[in-house]
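Close look at the chain arrangement
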Amino acid sequence: MAGKVALLLWAQTLGFAGTQTTWIIVEPPWMPAVLWDRVTLTCQGSGTSSATTWYKDGQRWGQQGHDRLTVTENGTYECNRTGTGLSLPVRVSDDWLVLQVPARPLLEGDTVTLRCRARRNNLGTWVSFYHEEKLLVELRNGTELTLFPLQLHHSGRYRCRGWLKDREWVVSAPVTVTVHGENPTASTPTPPQPFPKDLGSLSPLPPISCPELLPVQVLEGPPEPSFTSP
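An account of the accompanying structure is given in this report.

Criteria and thresholds
Residues numbered from 1 in each chain as written. Predicted model: local features only at pLDDT ≥ 70, side-chain atom pairs only at ≥ 80, totals over all residues. Heavy atoms only, no water. Salt bridge = Lys/Arg side-chain N within 4 Å of Asp/Glu carboxyl O. Helix = DSSP H or I, 4+ residues; strand = E, 2+ residues; numbered from the N terminus. Buried < 20%, exposed > 50% of the residue type's maximum accessible area, 1.4 Å probe, protein only. Contact = heavy atoms within 4.5 Å. Pairing = 2+ DSSP bridges. Axes fitted to C-alpha atoms, helices over the stretch in contact; angles between N-to-C directions.

Evaluation of the coordinates by the stated rule reveals six salt bridges. Asp37 is paired through a salt bridge with Arg117; the nearest N and O atoms lie 2.9 Å apart. One end of the pair, Asp37, is in the loop between β3 (33–34) and β4 (40–45); the other, Arg117, is in strand β13 (residues 112–118), and 80 residues separate them in sequence. For the pair formed by Asp37 and Arg117, the shared burial category is buried.

For Pro102, the location among the structural elements is in strand β11 (residues 97–102). Taking the C-alpha atoms as reference points, Pro102 and Arg115, separated by 13 residues in sequence, lie 9.2 Å from one another. Apart from the residues lying within four places of it in its own chain, the contact partners of Pro102 are Pro29, Trp30, Val112 and Thr113.

Spatially, the three strands line up as an open sheet ordered β1-β4-β7, and their pairing is antiparallel. At either margin of the open sheet sits one strand with a lone partner, and together these are β1 (22–27) and β7 (68–70). Strand after strand, the sheet turns through a mean of 20° between neighbouring axes, direction not considered.

As a general feature of sheets, a regular strand has side chains that alternate between the two faces. By the bridge criterion, four bridges tie strand β17 (residues 156–164) to strand β18 (residues 168–171) in an arrangement that is antiparallel. For Leu164, the partnering residue across the bridge sits in β18 and is Glu168. In this antiparallel pair of consecutive strands, β17 and β18, the connection spans three residues.

Here it is, written out as structure tokens:
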């Protein structure tokens, strides 16, 4: 219920900003959603539920007139309400490795946790997080990264890289994080302070500027292959 409330407030914020009058509530409230969760999409707006039309990858999907949809295939979903227009798209991924962010507004001064997840919980012990292709940190026995306090410069593209038990190293698709300067209690800007959540041991590394994701040098663990980001 809390997730639904947060998403509803987010949708109302978008509506007040004049950007959208039809929106999709995602459960569980993470973006992108992943197919291996039991994902449900609910179309909201000022139109009636009987006038709801769903689209997947640009094509009509499912029966018309149902405002709630249980996702069975990966893809990009939208809904339309007669008189209020088309919603923003929601992506449901079936990738081997996915970086997820909370599906809520991210405000300056808040705390946000990013999580790296693998299909079938197949993630090994090594996970790295990147911001704009710069390494933030490498974790051992940890899959979540918390940023606090959020600042405008935390906005940008994030991705994670992990060692899968049967597929070796895999890199997630990038996810865009947008921090809004709407929190009146935000503190004076400070340097980014990422910290891992629920870790075993940690090997912190300084940011490294690079056009592509680079292998991370570690003292132990699986061998590092050469790769380029997708």
